[in-house]
Amino acid sequence: MRKFDTKVQHLKYKVLREVARQAWADKLPEAVFDIPKTIVPGKTPTMRCCVYKERAILAERVKIAMGGDRDNPNVIEVIDIACDECPAAGYEVTDSCRGCLAHRCEDVCKRGAITFDNDHVAHIDKTKCVECGQCAKVCPYTAIINRKRPCQNACKVKAISINEENAAAIDNNKCIACGACVYQCPFGAITDKSFILDVINLIKGSENNKKYKTYAIIAPSISSQFTYAKLGQVITGLKVLGFHTVIETALGADMVAAAESKELAEKGFLTSSCCPAFVSFIEKNYPKLLPLVSHNLSPMAALGKYLKDHEPTAKVVFIGPCTAKKMEVQRENVRPYVDAVMTYEELQALFDSRDMEITSLEEDVLDNASYFGRIFARSGGLSDAVAEGLKEQEITDFDLKPCVCDGIEECKIALLKKSKGVLDANFIEGMACVGGCIAGAGCLTHGEKNKAEVDKYGREAMEKTIKDAIALL
């Protein structure tokens, strides 16, 4: 078993691995119904009440591993039949209720949702309750609590509600595809669509007809992943899979840092455009601030554009930690430059679908970017790179005042202040995930140590300045 944070991730990986294995062998879609039996071969359930339900849920996981519901534009989906073990969400009365005489909870409820039994204990009628929370506020014993599901707690943009079937429902008009709910759901009932089959088809196509080359552009957060192997072995593994060349997306970050620092000095104020979940949040909640978003493409798209400008037939696959990148690649201004997006979870499944032991491979070299491009992977790295860009371009008449937003909640505060004209900053670095890309939902592992690994990786860069890295293009 590989190193994963949770057993849910490992289950997801096993499904992806088996789907990929069948795809390499050209046995899809015929083998789809056999995959659940491969993962749960016996008659004894390992996770659910019975083996039949377990396999039924696995069948739904297989569908999502093969691309999911094509009619749903969101890459985050709910497996309804897997979402039935959480308690009912909403306000409820606990055993702390003393049956007091004051009945403040009843008095404050405008919907008449609170009644009392013969012991004077309060009860909430869910058909009348609108979850305003006033009863909880006035209870002197704190006996009324708001029980939220893990996915609701994880979603800071309030995109998740509970439907009539008691399953989670995602509001696509609010969802920013950050994947926080995917990582936090203890049952794996919320997950991201996989486009691993698209990647396999690209590799097969380049090997079979030789009409194009498939490039892997890999995010700098790779330095904190695959901890059981060396980074150079991962790079070799990608080439063994069939990728022609592996390039670090940190080079695209260098390109963006140079361009964004210049744009910032010219306009006087910018928000970053690198995190697609952050940009999506602005679009859906602060559309009036959209003109302030940097016009530069993200590092992924910038590097993809560079590759296709120089080799129009090239196919580009981005590999990183981010579920929101799967949404970004659907944008009209990005779609021409990146052909598919894959997470680290999916890359691990791809390696193992070919029975590849990457720890036995020789090390290749990945050295295309500067220190500043590589530290884009963690919170604060983008601001440091923009400061370096201003310095290297000798823009001395602009005083950078960055507002580093570590997580979508800090982004919300900064954008609200800007909308009210009270933000004391001229550059907002927005990262939807706390910690930055090193905490993306598609990571194999999460944790504070990932930041140290990224900084170490940055210091190992051969190119010490942004200019030096870009000069190699």
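A brief structural summary. Since the model is a prediction, treat every value here as computed from it, not as a measurement.

Thresholds applied
- Residues numbered from 1 in each chain as written.
- Predicted model: local features only at pLDDT ≥ 70, side-chain atom pairs only at ≥ 80, totals over all residues.
- Heavy atoms only, no water.
- Core = buried A, V, L, I, M, F, W, Y, C linked by side-chain atoms within 4.5 Å.
- Buried < 20%, exposed > 50% of the residue type's maximum accessible area, 1.4 Å probe, protein only.
- Helix = DSSP H or I, 4+ residues; strand = E, 2+ residues; numbered from the N terminus.
- Phe/Tyr/Trp six-rings, centres within 6.5 Å; stacked < 30°, edge-to-face > 60°.
- Lys NZ or Arg CZ within 6 Å of the ring centre and 35° of its normal.
- Pairing = 2+ DSSP bridges.
- Axes fitted to C-alpha atoms, helices over the stretch in contact; angles between N-to-C directions.
- Contact = heavy atoms within 4.5 Å.

Moving on: the nonpolar core. Of all hydrophobic cores here, the largest spans 93 residues; its most connected members are Leu238, Leu241, Ile319, Tyr344, Leu350 and Phe351. If you look at the next biggest cluster of nonpolar residues, it comprises 46 residues, including Ile64, Ile76, Val279 and Cys403.

Attention shifts here to unusual backbone geometry. Each neighbour pair has its own omega, and for Leu28 with Pro29 the value is 5 degrees, a cis peptide bond. Structurally, Pro29 is set in the loop between α1 (7–24) and α2 (35–39). The phi dihedral of Asp26 is positive, around 60 degrees, even though this residue is not glycine. Residue Ala177 is not a glycine yet carries a positive backbone phi of 60 degrees.

Each pair of aromatic rings is reported with the distance of its centres and the angle of its planes. All told, the structure shown has 6 aromatic pairs when counted by the stated rule. Relative to Tyr13, the ring of Phe4 lies with its centre 5.1 Å away and its plane at 40 degrees, an arrangement referred to as tilted. A relative accessible area of 5% places Tyr13 in the buried class. On the numbers, 6.1 Å between centres and 85 degrees between planes, the contact of Phe226 with Tyr344 is edge-to-face. One end of the pair, Phe226, is in the loop between β9 (214–218) and α9 (231–241); the other, Tyr344, is in helix α14 (residues 344–353), with 118 residues separating them in the sequence. Of the two residues, Phe226 and Tyr344, both sit in the buried class. Members of the aromatic cluster, each reached through a chain of ring pairs, are Phe226, Tyr228, Tyr344 and Phe351. Positioned above the aromatic ring of Tyr212 is the side chain of Lys315, whose terminal nitrogen or guanidinium carbon lies 5.4 Å from the ring centre. A cation over a ring is seen here: Arg354 above Trp24, with NZ or CZ 4.2 Å from the ring centre.

Here we take up the sheet that holds strand β12 (residues 315–320). Reading across the sheet, the 4 strands line up as β10-β9-β12-β13 and stay open at both edges, with parallel pairing between neighbours. Of all strands in the sheet, those with a lone pairing partner are β10 (245–248) and β13 (340–343), marking the two edges. For this sheet the average axis-to-axis angle between neighbouring strands, irrespective of direction, equals 25 degrees. Where β12 lies against β13, 4 bridges are found, and the strand directions are parallel. Across the sheet, residue Val317 finds its bridge partner in β13, namely Ala340. In the packing of α14 onto the sheet, contacts are made with β9, β12 and β13, and the angle to β13 comes to roughly 85 degrees.

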